[in-house]
Every structure is written in C-alpha cells, then in structure tokens.
Amino acid sequence: MLLANPQLMPALVPGSEGAHFEDGAWWREIGGEPLHNLVEQGLRGNTDIAVALTRVREARAGLRAREAALLPSFGLNGAYDNKRSGLPQAIKQGRPDTRVWQASLELDWEPDLFGRNQSAADAAQQDVLSSEAGVAGARLMLISEVARQFVLNVGAVRKLALLDHLIALQAASQTLIEHQAREGEISAVQVEAGRAQLQELQAQRPALLSLQSVTRSHLARLTSSTPEEVGRFLAQVNDTTVPWHVPGPTPTGQPIELLARRPDIIAARATWRAELARLDSANTDLLPRFFLSLLTGRQDLRLNGLALAPVGFNETTLAFALPIFNAGRVQAGIDIQDATAQRAELRYEQAIRQAADDVESALAQFHQSRDRVNELDRAVEARKEAATRGQRLFDEGQISALDRVALEQAHVSSALNAIDSQESARLALIQLHQALGGGWRSAPSHNLDIAQKEARP
C-alpha cells in the first residue's frame, strides 16, 4: 500500500506541517476589484465559514485541556467545624465540644512516564490543524463559487451585447434579402432561411437574460447581500476594471509538490496523525499508571474551650494502577483505535490520489481552453480585418451592402465565440486554483527540509 509506512507519509505532501492558509487574492487576476469586493463581502458573512470557526475554537479548547493534563494540579482547601453538645461538664469529658479551623494545600499529579497524556495532547494539536484546514477549505469553496458566478454573469452580459449587435446585423441583412427577393434577384428560400436565422439568434436572448438573473441571485446568497447590492458591485465591471483576457502563467513542477496548500490534504493528514497519536495513547492502557498526591496544611483545635497549639500536618501518597484482567476490554479498545488510524490513513491516501487527479485534469482543461482562446483571438483579428476591408470595398462600390453586412456578421460571430472561449478558460482557471488549494506558489524550502527530515526512519 502506498502509505503503509507512516515515516514516509509526510514526504508526500511537503509544507503541510504548520501550513499557512493564505490564498494570495488569486481571484483578482480573474475579476479585478469588482470580484475582490464581492469576495470580501462573502467572507464577512458566510455561515459555513462561521461554523468552521466554531470547530477551531472547540479544537483549541480541547488542546488546552489535554496540555493541562501534563501538569500537576493545585488546590486550596479550608474547613471550619464547631460542635457544641450542651451536656453537663462531667459528660463533656467523654464527648467534648470541639472547634476546628483547618487550611491545606493539595497537589495531584499523574507523571506521564509512558507518554499517555503527551500523545493525547499531540492528537489534540492535530485536531486544531485539521479544524483550521476546514476553515481554509470553506473559504476556498466560497471564493471559488463567487468567482465562478461572477465569470458567468460577466460573460452573459458581454455575450448578450454581442448577440444584440449580431441580431441587429441579421435584421439589416434580412431587410436587404427581402428587397432583393422583391426584385427577383434571389429566391424565397433564401428569405425564409434568413428569417429562420434571425429567429434563432433572438431565441438565445432569454437564456442569457435568465443566466444574468440567476447568477446575480447566487452571488447575493453567497455574499449575504441583496440582488440590488450585488448589482451595484457588478455595475463596476468594465473593460478597465476586468480586462477580458486569460491570466498566466500556469504552474510547473510535480502535482504532489503543488498540493502543499490544499486544505483537504492538510486536514486528512492531520486527522491521520491525530489517530496515530490516539493509538499511542491507547497502547499505554496496558502499562501501569502512577499517581502522586501531596497534602500540607495547618489545624487549630479547641476542646471544651481549651485552645490547643496550632499544628501542621503533611500527607504524601504515591499510587499506581495496573490492569491484570479485564476480559480483553483494553485490547479491544486498542484494536478499535488501530482500525480507526488505518481508516484515516486510507482516507489520506485517497485524498492525495484524488487531489493529484484533480490537478492533472484541471491543468489539461485549462491548457486546452487557453489554446482555444488563442486560436479564436487570431480568428477574431482576421475577421475584423476582413470586415474593415469589406467596408472599404463597399465604400468604393466593389461589393454589395449584403456582402458588407455578411462580413460584419462573421466578425461579430467570431467575437461571440471568443467571449465564450474566454469564459470557459476563466472557469477552468478557477477550477485549477481550487484544485491547487487556492494558488500555486511553491512550498518554502524550510518546509521541504522538514518533510525530508520526517521522511527519514
């Protein structure tokens, strides 16, 4: 099995020890300041992140409790006892009246000779790291979804603008076709074909309008805002604030090296290590436990009104407990924890494999999308040049108005395809960022050194 040797496990994900969960505002290169404002709004009010933060608080409190078990506990005790019987003096000689003042300081400690409590504290520390990774994961999910809805909304707006232009051109073309048909220059079939093409273009408008509305509603939900507030954020979008190009470059290196900041990997690794620490703690149940108790104090005693001198007292107790026979209960608990640790190990391996597959798929999809963008950008330039030349030829009377409109239609259609490809490439880029845990900055060299040291037997 890939992860059968725990000593080799940390080397698979360098940099996850003490990992940072900074995302570097990678979404800025996708949506500029408008998207950044939406993301900040979402991070302030998202319920999933708030729930994850409560888990961090819980885990940190658990860590403090486990660390406290490593230290002795001190207690201050005090007592006052006053007994009066009201019996005759002769009888009080056998049953005297008493008044007692007592104060003491008590110390209790379980020396951690075999690492029971230290292993429990180590498990709690990993629980904290896992919960912190949960917060990072919730942030990443929110940011990715806000960016995705933003890209879809902006793409729908820009495609609708081009579509309306294309519809206007097709309407102009249809007018020219119908004129030529009345003159007997073309057949009725061409008129019907042009009318069908115009209707097909018009039929695309409702879907784009619906997409704008739906994405605006999703953004309002994700950012805990109203659709009107989201609309004000989206109103900031223009060619200056959000240049519609595909950022780069893409990451280089081995996929495993690019996963050091992925929250689910960090959480799975922390959970696995926590269960291993709990297994170490469970194994100590077969060993003796020692307990030390110290008690020191002073007592003031009065008998039948006779005050005795205050006296001090001390008590020292050293005890141990060793299981002899429990019908296999302790070993069963160890076996249960061992199975839990193995399950966590398998889930860690599964998370690594899934993450590597996600990165490979996202990289391939992004590269393909970017290549398509480059090809369509060149096609748009060629169509634009053809439309410009067609306008000059029309002005010189060398081509008909219908031919000029057809060239302009080809240019706008090509631009519409380019916008669609750029949207797909941006969505692929968001998926790539998400697969890489929010970015692709290489792991710091000191973290790699830690991973290499941990990998040594």
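Let me begin by describing the structure that accompanies this report. Note that the structure is a prediction, hence the values are computed from the model and not measured.

Focus on helix 1 (residues 28-45)
Part 1 of the reasoning: For helix 1, built from 18 residues, the straight-helix expectation of 26 Å at 1.5 Å per residue is missed by more than 12%, its first-to-last C-alpha distance being only 20 Å.
Part 2 of the reasoning: Of all the bends in helix 1, the greatest measures close to 80° and is centred on P34.
Part 3 of the reasoning: Among the residues of helix 1, those classed as buried are I30, G31, G32, P34, L35, H36, N37, L38, V39 and G42.
Part 4 of the reasoning: Looking at the buried side of helix 1, the elements it contacts are helix 4 (116-182), helix 6 (205-222), helix 7 (227-234) and helix 10 (401-435).

Concerning the side chain of S421
Part 1 of the reasoning: Position of S421 among the secondary structure elements: in helix 10.
Part 2 of the reasoning: Assessed through its relative accessible area of 1%, S421 is described here as buried.
Part 3 of the reasoning: Within polar-contact distance, the side chain of S421 engages the backbone oxygen of A418 at 2.7 Å.
Part 4 of the reasoning: Aside from chain neighbours lying at most four places away, what touches S421 is R372, V373 and L376.

Description of the packing of helix 9 (residues 329-395) against helix 10
The description of two packed helices rests on the angle between their axes and on the distance between the axes.
Part 1 of the reasoning: The contact between helix 9 and helix 10 brings their axes to 7 Å, and the two run at 160°. The orientation of helix 9 with respect to helix 10, classified from their angle, is roughly antiparallel. For the element pair helix 9 and helix 10, the recorded crossing hand is left-handed.
Part 2 of the reasoning: The residue makeup of the contact of helix 9 with helix 10, split by class, is 21 nonpolar, eleven polar and nine charged.

About the cut-offs
Residues numbered from 1 in each chain as written. Predicted model: local features only at pLDDT ≥ 70, side-chain atom pairs only at ≥ 80, totals over all residues. Heavy atoms only, no water. Helix = DSSP H or I, 4+ residues; strand = E, 2+ residues; numbered from the N terminus. Expected span 1.5 Å × (residues − 1). Bend = angle between axes of the 7 residues up to and from the residue. Buried < 20%, exposed > 50% of the residue type's maximum accessible area, 1.4 Å probe, protein only. Contact = heavy atoms within 4.5 Å. Polar contact = N/O pair within 3.5 Å; in protein donor to acceptor, adjacent residues only side chain to side chain. Axes fitted to C-alpha atoms, helices over the stretch in contact; angles between N-to-C directions. Parallel < 35°, antiparallel > 145°, perpendicular 65-115°, else oblique. Left-handed = near helix turned anticlockwise from the far one by under 90°. Nonpolar A, V, L, I, M, F, W, Y, C, P; charged D, E, K, R; others polar.

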